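# Commentary on secondary and tertiary structure
The chain contents come next:
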Amino acid sequence: QVVLVESGGGLVQSGGSLRLSCAASRITFRFYVMRWFRQAPGKERELVAGITSAGGTTNYADSVKGRFTISRDNAKNTVYLQMNSLKPEDTAVYYCNAFRDRLSEYWGQGTQVTVSS
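I will try to describe carefully the structure that is included in this document. (Residues numbered from 1 in each chain as written. Predicted model: local features only at pLDDT ≥ 70, side-chain atom pairs only at ≥ 80, totals over all residues. Heavy atoms only, no water.)

Read from one edge of the open sheet, 4 strands run 1-3-8-7, paired in antiparallel fashion. What marks the edges here is a single partner per strand, and that holds for strand 1 (3-7) and strand 7 (68-73). Strand-to-strand twist across the sheet, computed as the mean angle between neighbouring axes with direction ignored, equals 15°. In terms of strand pairing, strand 7 meets strand 8 (residues 78-83) through 6 bridges, oriented antiparallel. Its bridge partner being in strand 8, T69 is matched across the sheet by Q82. (Pairing = 2+ DSSP bridges. Helix = DSSP H or I, 4+ residues; strand = E, 2+ residues; numbered from the N terminus. Axes fitted to C-alpha atoms, helices over the stretch in contact; angles between N-to-C directions.)

Mapped onto the fold, Y94 is located in strand 9 (residues 92-101). Distance in space between the C-alpha atoms of Y94 and L81 is 9.9 Å, their sequence separation being 13 residues. Residues in contact with Y94, not counting those within four places in the same chain, are E6, L20, W36, F37, R38, V48, F68, L81, M83, G110, T111 and V113. A polar side-chain atom of Y94 sits 2.6 Å from the main-chain carbonyl oxygen of D90. (Contact = heavy atoms within 4.5 Å. Polar contact = N/O pair within 3.5 Å; in protein donor to acceptor, adjacent residues only side chain to side chain.)

Attention now goes to the pattern of salt bridges. Side chains bearing opposite charge may pair, as long as their charged atoms lie close to each other. Enumeration according to the criterion identifies 5 salt bridges in this entry. For R35, the salt bridge goes to E105, with nearest N and O atoms at 3.1 Å. Within this pair, whereas R35 is found in strand 4 (residues 33-39), its partner E105 is found in strand 10 (residues 104-107), the two being separated by 70 residues in sequence. Given a relative accessible area of 31%, E105 falls into the partly exposed group. Salt-bridge contacts for D90 lead to R67; the nearest nitrogen and oxygen are separated by 2.8 Å. Here the residue D90 occupies a position in the loop between strand 8 and strand 9, and R67 occupies one in the loop between strand 6 (58-60) and strand 7, the gap between them amounting to 23 residues. Pair check on accessibility: D90 and R67 agree, each one buried. By sharing partners, the salt bridges in this structure join R38, E46, R67 and D90 into a single network. (Salt bridge = Lys/Arg side-chain N within 4 Å of Asp/Glu carboxyl O. Buried < 20%, exposed > 50% of the residue type's maximum accessible area, 1.4 Å probe, protein only.)

Dropping the structure here:
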């Protein structure tokens, strides 16, 4: 059974930083596009950032560009999301997603990020 385990969430003041990690097991990690999504209360889940399998290309939601950085370490089967200059509107549950094709997609359990004003 594929497992994605997120960590690094928590409570931080506006302007602060957090680094999320997502460790994957039981998949060939280097074959997968890795993405971070988030879901705030009462809102739909939205894509925050993505990184290609070799890490050569990244993409970001407009709302986080210049503040968040996604990276991966294929030797450690781990993807990261460095979040700087956090805002209260970044408060959400953040989910790690591994995608190869529509039959090979997996989700983590989520980690709560709360940014106080």
